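Structure assessment
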Amino acid sequence: MSTRPGGQAAPPGPAVQAGEEVTLTITQLAPSGLGLGQRSEVCFLVPFALPGEEVVAGVERVSRARHRRRSGQPRPATPRWEATARVVSIVKSSPDRAVPACRHFGSCGGCAWQHQAYRAQLERKRALVRSALLQVLREATVPPDLVEPVIPSLAEWHYRNKLELTFSPGGRPGFHRRGSFKSLIEVEECHLATPEMVKAARVVGDWAVAHGLPGYDKAKNQGFLRHLVVRQAYHTEELMVALETFPPSVLRSREPGDPGEAGSGQATAGGDDEGQSTLPFAGDLVERLRACLPQLTSLLWLSNPSPSDVVKVEGSRLQVLYGREFIEERLAGLTFRLELPTFFQTNTRQAETLLYLAREALAADARPTDLLFDLYCGVGTFGLALARGLRLVVGIELVESAVAAASANAARNGIDNVVFLAGEVRRVFDQAVARFGPPDLILLDPPRAGAGSKVIRRLGRAEPRRIVYVSCNPHSLAADLAELLPAGYHITRVQPVDLFPHTDHVETVVTLTRSH
Ligand SMILES: C[S@@+](CC[C@H](N)C(=O)[O-])C[C@H]1O[C@@H](n2cnc3c(N)ncnc32)[C@H](O)[C@@H]1O
């Protein structure tokens, strides 16, 4: 052991160094496809190694362990060091190992679990929900069979109805590289999206490259093309392609004859503000997309001057270049209008499974006089599907355009016993109770952060007979349940549903009944 000046012993360093190779047994799976293994005081984080596998791992970096919770997964012990490593070779392979379908797997940030058989993914998701609940609830509240086996996705591949891509400086849309917001992988294939969505992304990339339209280069703070959103409805097959750019004036510094100056192939947007309202070569884009995608229903152009990194409709100029501003999707026999910013469950057929589960959970105890609150209602998906047979549904949603869409969806489907209110649930809940009375039933489907104490306390005080909690994050779900149960509720069912095969995401529907 080395000594410091003054004779004091320096603490021992890590037992491994970057560049070394070690043979390891993987004991756990952490989020993002990280396999965890431990040797003496070092925890190894090895992407795409599976529990039970013995691997030779090449150490890339060693640092002091941060002891952060990786979505609550406990580490094998309390290691002092953390080593990131890559699989050099697999000595003993797991029976769960599968051959990834996608050539981008491993480098693309999109999916992390393609290397596991689907059956194993489902088992792990069930265990993940149970372990999240056990972190905050007593064991007696979470008996081994409380969490049901995960309902598999009806489609294991091509289930996504929406892709949001970022343009590379070269002008092709791509996915973020794993672990990086700066670096992109240009889309050659994606097995989660529909073939039409992938084709649309390729056609837009070919169009941009053919006309020399540059993607935004963050490092140089220059470029024109920003994001591409592609959306396809499962039942109607209608396709939306939305291109987000900076205003065309950013191209003006280019040579005469370049896209910012040229008129060839441009759509006639009819604007007069010095070319701000004309997408260069829009006519050619329409032609290219229509030639190979008969499903194209909506081609939109969003000109966004703000430097924000996300697709932003507010404050941007939206133009319809072809078709209409929305596509339509059907869900559980109802028709929904999906505009560019509309939140909609990403896996349409599994969204139907969620609706059926919610209906089943409430129907067991629903009466024609009942009032249902649909909290975090989005465009009204749950409330509208559940309204029949109830006196009234009151939906609460933060985003005003979603509230307007929910009301339009109600009218479109001839449902008149629903009211949608805009605002934060924690602020609007009490007003809704004052106006319509306390709810008999509540369905809540909050964002990943969960509902939080302020909302949960209000739910408890309102004393609904039954609560259905739809969650996309087992950890925030567990925290909310821990507060809700003492308010007089018990869990009658915990049903995970897989909406996102080949990723570590899981949706859970929990039914709670009032005990006293
Ligand atoms: C997981 S989505 C569920 C949407 C809807 N239930 C559905 O299935 O389409 C969560 C919704 O909560 C909304 N939201 C987020 N924070 C909110 C808040 N504090 N109050 C009300 N709504 C909120 C989001 O805009 C989003 O529409």
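Before reading on, note that the structure itself is shown above.
Residues numbered from 1 in each chain as written. Predicted model: local features only at pLDDT ≥ 70, side-chain atom pairs only at ≥ 80, totals over all residues. Heavy atoms only, no water.

Considering the site of the ligand
So the rule is basically this: Throughout, near means a residue has at least one heavy atom within 4 Å of the molecule or strand. Nitrogen and oxygen atoms within 3.5 Å of one another constitute a polar contact, given that in protein one can donate a hydrogen and the other can accept it, and given that sequence-neighbouring residues count only through two side-chain atoms. Computed with the Shrake-Rupley method and a 1.4 Å probe, the accessible areas treat only the protein chains shown as cover for residues. Put simply, Ala, Val, Leu, Ile, Met, Phe, Trp, Tyr, Cys and Pro go in the nonpolar bin, Asp, Glu, Lys and Arg in the charged bin, and everything else, Gly too, in the polar bin.
Residues in close proximity to the ligand total 16 residues, the closest being Gln-345, Thr-381, Glu-397, Val-425 and Asp-445. Within the side chain of Gln-345, one N or O atom sits 2.8 Å away from an oxygen atom of the ligand. The side chain of Glu-397 places a nitrogen or oxygen atom 2.6 Å from an oxygen atom of the ligand. Burial of the ligand by the protein chains amounts to 86% of its free accessible area of 590 Å². The class makeup of the residues in the shell around the ligand is nine nonpolar, four polar and three charged.

Here we look at the packing of helix H8 (residues 453-462) against helix H9 (residues 474-484)
For clarity, the cut-off: For helices, the fitted line uses only the C-alpha atoms of the stretch in contact; every axis is such a line through C-alpha atoms, and the angle between N-to-C directions lies from 0 to 180 degrees. Helix numbers and strand numbers start at the N terminus; a helix is a DSSP run of H or I with at least 4 residues, a strand a run of E with at least 2. Here is the rule for angles: anything less than 35 degrees is roughly parallel, anything more than 145 is roughly antiparallel, 65 through 115 is roughly perpendicular, and the remaining ranges are oblique. Left-handed is the label given to a crossing in which the near helix is rotated counterclockwise from the far helix by less than a right angle, and right-handed is the label when the rotation is clockwise. The criterion used for residue contact is that any of the two residues' heavy atoms lie within 4.5 Å.
In contact at an axis separation of 9 Å, H8 and H9 are set at 40° when each is read in the N-to-C sense. It follows that H8 is oblique to H9 by the angle criterion. The chirality of how H8 crosses H9 is right-handed. Of the residues in H9, those touching H8 at Ser-453, Ile-456, Leu-459 and Gly-460 are Asp-480, Glu-483 and Leu-484. Taken together, the residues of the contact of H8 with H9 break down into three nonpolar, two polar and two charged.

Some points on the environment of Gln-114
Inspection of the secondary structure puts Gln-114 in the loop between strand S6 (81-92) and helix H1 (118-136). C-alpha of Gln-114 to C-alpha of Pro-31: the two residues are 83 residues apart in sequence and 13 Å apart in space. Contacts of Gln-114, omitting those with residues within four sequence positions, involve Ala-98, Val-99, Pro-100, Ala-101, Cys-102, Phe-105, Trp-157 and His-502. Here Ala-101 takes part through its backbone nitrogen, which lies 2.9 Å from a polar atom of the side chain of Gln-114.

Thoughts on the sheet that holds strand S13 (residues 317-323)
Rules: Following DSSP output, two strands are said to pair if at least two bridges run between them.
Ordered by their spatial adjacency, seven strands build an open sheet running S9-S8-S7-S10-S11-S12-S13, and the pairing between neighbours is mixed. Here the strands that pair on one side only, and so sit at the sheet edges, are strand S9 (184-186) and S13. Neighbour-to-neighbour, the strand axes of this sheet turn through a mean angle of 30°, independent of strand direction. As paired elements, strand S8 (residues 173-176) and S9 share three bridges and run antiparallel to each other.

Topic: the nonpolar core
Here is the rule: Here, nonpolar core means buried Ala, Val, Leu, Ile, Met, Phe, Trp, Tyr and Cys residues that are tied together by side-chain atoms lying within 4.5 Å of each other. Only protein chains enter the area calculation, which uses a 1.4 Å probe; residues under 20% of their type maximum are buried, those over 50% are exposed, and those in between are partly exposed.
Counting residues in each nonpolar core, the largest one holds 88 residues, and the members touching the most others are Val-204, Trp-207, Leu-228, Val-241, Leu-243, Leu-279 and Leu-289. Per-element tally for this core: the top contributor is helix H2 (residues 195-210), with eight residues. In contact with Trp-207, other than residues within four places in its own chain, are Leu-213, Leu-225, Leu-243, Leu-279, Pro-280, Phe-281, Asp-284, Leu-285 and Arg-288. If you look at the next biggest cluster of nonpolar residues, it comprises 44 residues, including Val-394, Leu-444, Ala-478 and Tyr-489.

Some points on the pattern of salt bridges
Note the threshold: For this analysis, a salt bridge means a side-chain nitrogen from Lys or Arg found within 4 Å of a carboxyl oxygen belonging to Asp or Glu.
Going through the model one piece at a time under the given rule, you end up with 22 salt bridges. Of the charged contacts, one joins Arg-97 and Glu-53 as a salt bridge, the two residues approaching to 2.6 Å between their closest N and O atoms. One end of the pair, Arg-97, is in the loop between S6 and H1; the other, Glu-53, is in the loop between strand S4 (42-47) and strand S5 (54-64), and 44 residues separate them in sequence. What makes Arg-97 partly exposed here is its relative accessible area of 26%. Across the pair Asp-430 and Arg-458 runs a salt bridge whose closest N-O atoms are separated by 3.1 Å.

Quick look at the sheet that holds S4
Judged by pairing direction, the sheet is mixed, and its six strands sit side by side in the order S1-S5-S6-S4-S3-S2 without closing on themselves. Lying at the two open borders of the sheet, with one neighbouring strand each, are strand S1 (21-25) and strand S2 (28-30). On average, each strand axis in the sheet is inclined to that of its neighbour by 40°, with strand direction left out of account. As defined by bridge partners, S2 adjoins strand S3 (residues 34-39) across three bridges and the pair is classed as antiparallel. Counted as the bridge partner of Leu-29 is Gly-35 from S3.

Describing the pairing of strand S16 (residues 371-375)
Inclusion rule: Look down the strands so they point away from you; if going from the first strand over the helix to the second traces a clockwise path, that crossover is right-handed.
Summarising burial for S16: five of the five residues are buried, a large majority. The alternating pattern of S16 places Leu-371, Phe-373 and Leu-375 on one face and Leu-372 and Asp-374 on the opposite face, and all of these are buried. Bridge analysis of S16 against strand S17 (residues 392-397) gives five bridges, and the strand direction is parallel. Within S17, the residue paired with Leu-372 across the bridge is Val-393. Since S16 and S17 lie parallel, the crossover through helix H5 (residues 381-386) that links them has a hand, and here it is right-handed.

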